[in-house]
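Residues per chain are reported as follows:
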Number of protein chains: 2
Amino acid sequence: MLSEFEIIRRFFTRPAPSAVLGVGDDAALLRVAPGMELAVSTDMLVAGRHFFPDADPGKLGHKALAVNLSDMAAMGAKPRWATLSLALPEADEKWLESFAGGFMALAAAHGVELVGGDTTRGPLNICVQVMGEVPEGQALRRSGAKPGDDVWVSGRLGDAALALAHMQHRIVLEPHDVADCLKALHAPEPRVALGLALRGVAHSAIDVSDGLAADLGHILECSGVAAVVEIAAVPRSAALERHFGEETARQALLAGGDDYELCFTADVDQRSAIEKIGRDTGVAVTCVGRIARGSGLAVTGSDGKPLELRRTGFDHFR
Amino acid sequence: MLSEFEIIRRFFTRPAPSAVLGVGDDAALLRVAPGMELAVSTDMLVAGRHFFPDADPGKLGHKALAVNLSDMAAMGAKPRWATLSLALPEADEKWLESFAGGFMALAAAHGVELVGGDTTRGPLNICVQVMGEVPEGQALRRSGAKPGDDVWVSGRLGDAALALAHMQHRIVLEPHDVADCLKALHAPEPRVALGLALRGVAHSAIDVSDGLAADLGHILECSGVAAVVEIAAVPRSAALERHFGEETARQALLAGGDDYELCFTADVDQRSAIEKIGRDTGVAVTCVGRIARGSGLAVTGSDGKPLELRRTGFDHFR
């Protein structure tokens, strides 16, 4: 049986040249560059709640870090360091190797160093914290949206909800759609490069983890503004069109959750700049609506009339 | 039923004046003072593993933060900010109020601000990360012990093990000992002031969470040195003397775990300085042994002969 220390040494200790001190002491030591603020975000993933207990551990390692990197992207912060706390039912070497592989590959792709953590026995639970840097005063907050701003969304929404429906046998995806949709659910690509490029361009940003309506709703609340989103403009896959009726597709687009795309607002003058950023970072960006004075979110149908919204997002306690 | 957002707002949102941005965005924003390194530590507490599922939630809130502050103390870092991730079987208001009360009271006592976190449904799991500041190059590492150093321990060891034995009905504590021992187990006082005062004085430090033998063992391994500890010198309570035979008391002192005292090493010249630090910070400090060339830990009995050590510490996977 692997010991706690062997687990840490074999699977979770990598060189951390940009840290003053990495794994192996009571705390890691980090030096934040002068003129930079530290952005800190944490997410906990619970088996049976955020993923199926038999989920591919490599994809799980990827996703556990990805959802945190997505928060850095939404702040316009460059992710630098992470800590990982793991509760495991048993020390399964194969599982650990695969999980660490997925986690470390994404970390390496973003230049993120694992500097600390904790390992214990317990029901499978993954708690990741990411720390990044952003120049003082330049973070993309939820509170900066201004009346007249365009509302933008990266990538496309709803595919993760589609994949979940497929896995729960509520729908049957066509073979050529399966891979794309499952990737959206299991291996989302955090939009870090997009977030960095939006510094100084976007007025506000959030990542879409609980569904567009709920997450854009946070921007509206924090900024004290309203928004109108045109449902037909919200980017969706052909699979989503095919597999759901319009009413259900709308729910997937607005309240599907787990998309990890960015929703951001910016001055109308920035349209061509944002389209160029999208091309430069290889991420589709789509203008889906407009910020207005007032409060609350209105979603309009193709006839321009407001739609009635049923469920606005995911809440773990409802 | 309380929503996730109500839980965060009601129980875990407090002013965080020293943070640039606290709870409520995709990430917190912190400014580390110039010339300071950021010390980062995280610990995960699992119901049934680290605490009884019916544990007093107020004490649990205290302990979840205390074990992390203890890591800051062991680095000589001033704790500044924390994040808290919670998986809860249900949104029990009374439990949450009590847990948050214990957590926030200790945070306030140490000037620590809660700047972020995550709340989800799942088997009870508490993951806390603490971030602190330490002047560049002044952190107390495990790797600095030098041959000839004294080995010191703060407070006294073994009481947490005694309390656990009492709760498991393996022993019966006398009424006047119960409170002291249970406090050691449930409400340890992190030795933050002591850790800060030891900057520039101690050569190395660690907190005693897995037992003195295992934790001092980490110092020895990281520093490439050996140590001799005299068992009779290790500070213990009268209750420990009374309730355990010498063999068992020895195990509690060396491998009991959950003590959250500091073990540190320092030049012999620093003895009177360290005793003064102990008086100034109101924490007993006791010299229990000596660092030597070589490797490994020897514990000597009252006859000066090495004792045989059985179990050297707690490992979650063994």
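Residues numbered from 1 in each chain as written. Chains lettered and ligands numbered in written order. Predicted model: local features only at pLDDT ≥ 70, side-chain atom pairs only at ≥ 80, totals over all residues. Heavy atoms only, no water.

1. Considering the pairing of strand E7 (residues 202-208) of chain A
All names here are of chain A.
Okay, so step 1: Buried residues dominate E7, accounting for 6 of its 7 residues.
Okay, so step 2: Two strands pair when backbone bridges link them, and E7 and strand E9 (residues 261-266) are joined in this way by 6 bridges, in the antiparallel orientation. Looking at E9, one finds that Ala-202 is bridged to Ala-266. (Buried < 20%, exposed > 50% of the residue type's maximum accessible area, 1.4 Å probe, protein only. Helix = DSSP H or I, 4+ residues; strand = E, 2+ residues; numbered from the N terminus. Pairing = 2+ DSSP bridges.)

2. Focus on the relation of the copies chain A and chain B
Okay, so step 1: For these two chains of identical sequence, chain A goes onto chain B by a turn of 180° and a shift of 0.0 Å along the axis, with RMSD 0.0 Å. The two molecules are tied by a two-fold rotation axis, judged by turn and shift.
Okay, so step 2: Looking at chain A, 100% of its interface residues are interface residues in chain B too, so the copies touch through the same face. (Least-squares fit on C-alpha atoms with pLDDT ≥ 70 in both. Contact = heavy atoms within 4.5 Å.)

3. What to know about the state of the cysteines
All names here are of chain A.
Okay, so step 1: Tallied over the full model, the rule gives 0 disulfides over all chains.
Okay, so step 2: Its sulfur unpaired, Cys-222 is 12 Å from the next cysteine sulfur, which belongs to Cys-263.
Okay, so step 3: By relative accessible area, Cys-222 is classed as partly exposed at 39%. (Disulfide = S-S within 2.5 Å.)

4. A few points about the packing of helix H1 (residues 4-12) of chain A against helix H3 (residues 93-109) of chain A
Residue and element names in this part refer to chain A.
Okay, so step 1: Viewed as axis vectors pointing N to C, H1 and H3 meet at an angle of 45°, and their least axial separation amounts to 10 Å. One element, H1, and the other, H3, form an angle in the oblique class. The handedness of the crossing between H1 and H3 is right-handed. Each of Ile-7, Arg-10, Phe-11 and Phe-12 in H1 lies in contact with H3, whose residues at this interface are Glu-93, Leu-96, Glu-97, Phe-99, Ala-100 and Met-104.
Okay, so step 2: Class assignment for the residues of the contact of H1 with H3 results in 7 nonpolar, no polar and 3 charged. (Axes fitted to C-alpha atoms, helices over the stretch in contact; angles between N-to-C directions. Parallel < 35°, antiparallel > 145°, perpendicular 65-115°, else oblique. Left-handed = near helix turned anticlockwise from the far one by under 90°. Nonpolar A, V, L, I, M, F, W, Y, C, P; charged D, E, K, R; others polar.)

5. So, the domain arrangement of chain A
Reports often express the size of an interface as the amount of accessible area lost when the parts come together.
All names here are of chain A.
Okay, so step 1: Per the domain assignment, the segments making up chain A are domain 1 (4-135) and domain 2 (142-300).
Okay, so step 2: Taking only C-alpha atoms into account, the centre of domain 1 sits 26 Å from that of domain 2.
Okay, so step 3: Facing the 20 residues of domain 1 at the interface are 20 residues of domain 2.
Okay, so step 4: Summed over both partners, the interface of domain 1 with domain 2 buries about 1,600 Å², with 66% contributed by carbon and sulfur atoms.
Okay, so step 5: If you look at where domain 1 meets domain 2, you find 1 salt bridge.
Okay, so step 6: Two residues, Asp-258 and Lys-63, come together in a salt bridge whose shortest N-O distance is 3.0 Å.
Okay, so step 7: For the interface between domain 1 and domain 2, the tally reads 5 residue pairs in polar contact (both at pLDDT 80 or more).
Okay, so step 8: The set of elements that each furnish at least two residues to the side of domain 1 that touches domain 2 consists of helix H2 (57-75), strand E3 (78-88) and strand E5 (125-135).
Okay, so step 9: Top element by residues in the side of domain 1 that touches domain 2 is H2. It accounts for 10 residues.
Okay, so step 10: Grouping the amino acids of the side of domain 1 that touches domain 2 by side-chain chemistry returns 11 nonpolar, 4 polar and 5 charged. (Domains from an automatic or database assignment. Buried area = accessible area lost by both parts, 1.4 Å probe. Salt bridge = Lys/Arg side-chain N within 4 Å of Asp/Glu carboxyl O. Polar contact = N/O pair within 3.5 Å; in protein donor to acceptor, adjacent residues only side chain to side chain.)

6. Focus: the packing of helix H4 (residues 159-167) of chain B against helix H5 (residues 175-186) of chain B
Residues and elements named next belong to chain B.
Okay, so step 1: In contact at an axis separation of 7 Å, H4 and H5 are set at 105° when each is read in the N-to-C sense. Taken as axis vectors, H4 and H5 run roughly perpendicular relative to one another. For the pair formed by H4 and H5, the contact residues are Asp-159, Ala-160, Leu-162, Ala-163, Leu-164, His-166 and Met-167 on the first element and Val-178, Cys-181, Leu-182, Ala-184, Leu-185 and His-186 on the second.
Okay, so step 2: Within the contact of H4 with H5, the residues separate by chemical class into 10 nonpolar, 2 polar and 1 charged.

7. Some remarks on the side chain of Ser-204 of chain B
Residues and elements named next belong to chain B.
Okay, so step 1: Along the chain, Ser-204 falls in strand E7 (residues 202-208).
Okay, so step 2: A polar side-chain atom of Ser-204 sits 2.8 Å from a polar atom in the side chain of Thr-265.
Okay, so step 3: In this structure Ser-204 touches Arg-141, Arg-142, Gly-144, Ala-145, Ile-219, Cys-263, Phe-264 and Thr-265, once residues within four positions along its chain are discounted.

8. Details of the pairing of strand E10 (residues 285-292) of chain B
Residues and elements named next belong to chain B.
Okay, so step 1: By the bridge criterion, 5 bridges tie strand E6 (residues 150-154) to E10 in an arrangement that is antiparallel. Bridged to Asp-150 within E10 is Arg-290.
Okay, so step 2: Across 4 bridges, the pairing between strand E8 (residues 226-230) and E10 is antiparallel. Directly across from Ala-227, in E10, lies its bridge partner Ile-291.

9. Considerations on the interface of chain A and chain B
Okay, so step 1: Of the residues lining the interface, 68 residues belong to chain A; the matching set on chain B comes to 68 residues.
Okay, so step 2: Both sides of the chain A and chain B interface together cover about 5,400 Å² of buried area, and 56% of this is carbon and sulfur.
Okay, so step 3: Where chain A meets chain B, there are 8 salt bridges.
Okay, so step 4: Between Glu-37 of chain B and Arg-31 of chain A there is a salt bridge, with the nearest N and O atoms lying 2.4 Å from each other.
Okay, so step 5: Residues of the side of chain A that touches chain B, tallied by class, amount to 34 nonpolar, 15 polar and 19 charged.
Okay, so step 6: In this sheet, strand E1 (residues 28-30) of chain B lies alongside strand E2 (residues 36-46) of chain A in antiparallel orientation, the contact comprising 3 bridges. Residue pairing for E1 of chain B: Leu-38 of chain A is matched across the bridge by Leu-30 of chain B.

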